[in-house]
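Chain by chain, the residues:
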Amino acid sequence: MSEIVLILGGTKEAAELAVSLVAEHPDWRVITSLAGRTREPAPLAGETRIGGFGGADGLAEYLRTEGVTRLIDATHPFARQISKNARLATEKAGVPLETVTRPPWQKQPGDLWVEVNSLEKARDELPSGARVLLALGSQHISVFASRADVHFLVRMVDPPAEPLPLADHELVIGKPGNVSEEKALLAAHRISHIVSRNSGGAASYAKIEAARQMGITVVMVERP
Ligand code: NAP
């Protein structure tokens, strides 16, 4: 039977899933939904739609209008609202929901991790005078605004729309590199701490491996 699949995306896993569904089922309609946070998203297999649905009700309406037969939530593990909306919307519309979640990273011998359960606790763990790599989206940076005693190196994929609310910081625009590139970045900026969310997956793991090799402390925010 031909299916109409909606993938809630914005992750590497979602992009890979679209490639395999399109290749394996040429008669299916495969639509990937992006929130629209990235200015120039990479092209995806199948169809792409961009922008919010207008909450769970809007998503349920979209499922009905497009005749979606399967919803696959392949969003980032810290994207909580859209996953909640997916649960509610599929219940309302009577559409089956599947979830694709990458496993979290596991602490390895040699890792210097301080494990916390929120960004606020991560902020509070940073010692005065620390030099900290923050690899977080711009919506999360304000949590650290009160730490004028800490130097931040902020890495983002796209330049922020507004100046960052940090007293002492540098901005690096770009994606994560491989382990040797991450080590070079950490060394060049004399980084003492990294704040990272435990996203899992390979794409952003190099900084964690680099930190292990260099004896740098990682304040690891565990999943909600
Ligand atoms: P969120 O807090 O869970 O969602 C906020 C709102 O953004 C949702 O209510 C929804 O708006 C819209 N939205 C989110 N994901 C969407 C999608 N795939 N398609 C259409 N609308 C979407 O999400 P977030 O943390 O801002 O993440 C946004 C997107 O970036 C997600 O697709 C996620 O996979 C990706 N991403 C997030 C992170 C992260 O660290 N959180 C990292 C990498 C990639 P409406 O209520 O109007 O529908």
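Residues numbered from 1 in each chain as written. Predicted model: local features only at pLDDT ≥ 70, side-chain atom pairs only at ≥ 80, totals over all residues. Heavy atoms only, no water.

## Points about the packing of aromatic side chains
Two measures describe an aromatic ring pair: the distance that separates the ring centres and the angle between the ring planes. The test is simple: Classification of ring pairs rests on two measures: the distance between centres of Phe, Tyr or Trp rings, Trp counted by its six-membered ring, which must be within 6.5 Å, and the angle between planes, read as stacked under 30 degrees, edge-to-face over 60 and tilted in between. Exposure is judged per residue with a 1.4 Å probe applied to protein chains only, and the accessible area is read against the type maximum: over 50% gives exposed, under 20% gives buried, and values in between give partly exposed. Lysine NZ or arginine CZ positioned within 6 Å of the ring centre and within 35 degrees of the ring normal marks a charge as sitting over the ring.
In the structure shown here, the tally under the stated rule is three aromatic pairs. A ring pair is formed by Phe-53 and Tyr-62, whose centres lie 5.2 Å apart and whose planes are at 65 degrees; its orientation type is edge-to-face. By the burial criterion, Phe-53 is buried, and Tyr-62 matches it. With a centroid separation of 5.7 Å and 65 degrees between ring planes, the pair formed by Phe-144 and Phe-152 is classed as edge-to-face. Like Phe-144, the residue Phe-152 is buried in the burial classification. Above the plane of the ring of Tyr-62 lies Arg-49, whose end atom (NZ or CZ) is 5.3 Å from the centre. Across the ring face of Phe-78, the terminal group of Arg-197 is positioned such that the distance to the ring centre comes to 4.7 Å.

## Examining helix 5 (residues 179-188)
Applicable threshold: Each helix is a run of H or I in the DSSP string that is no shorter than four residues. Each strand is a run of E no shorter than two, and both are numbered from the N terminus. For this quantity, the arc is that covered by the directions from the helix axis to the C-beta atoms.
Among all positions in helix 5, only Glu-182, Leu-185 and Leu-186 are buried. Looking straight down helix 5, one finds that the buried residues subtend no more than 95 degrees of arc, so they occupy a single side. Exposed side of helix 5, more than 90 degrees from the buried face: Ser-180 and Ala-188 are the residues found there. A positive phi of about 50 degrees marks Arg-190, the residue just after helix 5.

## Observations concerning the environment of Thr-90
What counts is decided by this rule: We call two residues in contact whenever any of their non-hydrogen atoms come within 4.5 Å of each other. Residues adjacent in sequence count toward polar contacts only when both atoms are side-chain atoms; beyond that, a polar contact is any pair of N or O atoms within 3.5 Å, and within protein one must be able to donate a hydrogen and the other to accept it.
Within the fold, Thr-90 resides in helix 3 (residues 80-93). Between the C-alpha atom of Thr-90 and that of Gly-200, which follows or precedes it by 110 residues, the distance is 26 Å. Excluding its chain neighbours within four sequence positions, the residues that come into contact with Thr-90 are Leu-63, Leu-71, Val-95, Pro-96 and Leu-97. Engagement of the side chain of Thr-90 in a polar contact is seen with the backbone oxygen of Ala-86, the distance being 2.7 Å.

## Some details on the domain arrangement of the chain
The condition is simple: What counts as a domain boundary in this text is fixed by an automatic or database domain assignment. Values labelled buried area give the accessible surface lost by two parts on being combined, using a 1.4 Å probe and summing over both. One speaks of a salt bridge when a side-chain nitrogen belonging to Lys or Arg is within 4 Å of a carboxyl oxygen belonging to Asp or Glu. The residue classification treats Ala, Val, Leu, Ile, Met, Phe, Trp, Tyr, Cys and Pro as nonpolar and Asp, Glu, Lys and Arg as charged. All others, Gly included, are polar.
Here the chain is partitioned into domain 1 (4-99) and domain 2 (112-221). Centre-to-centre separation of domain 1 and domain 2, based on C-alpha positions: 29 Å. Area buried by domain 1 at its contact with domain 2 is led by Arg-39, His-76 and Phe-78, which between them contribute 67% of it. For the pair domain 1 and domain 2, the interface holds zero salt bridges. Per-class residue counts for the side of domain 1 that touches domain 2 are two nonpolar, two polar and three charged.

## Some words on the site of the ligand
The condition is simple: Being near a molecule or strand, for a residue, means having at least one of its heavy atoms within 4 Å of it.
Not every one of the 22 residues close to the ligand is listed here, only the nearest: Gly-9, Ser-33, Arg-37, Phe-53 and Arg-197. Within the backbone of Arg-80, an N or O atom sits 3.3 Å from an oxygen atom of the ligand. Between Asn-85 and the ligand, the recorded distance is 3.4 Å, taken from a side-chain N or O atom to an oxygen atom. At the level of elements, strand 2 (29-34) and helix 3 are the ones that each hand at least two residues to the shell around the ligand. With four residues, helix 3 is the largest single contributor of residues to the shell around the ligand.

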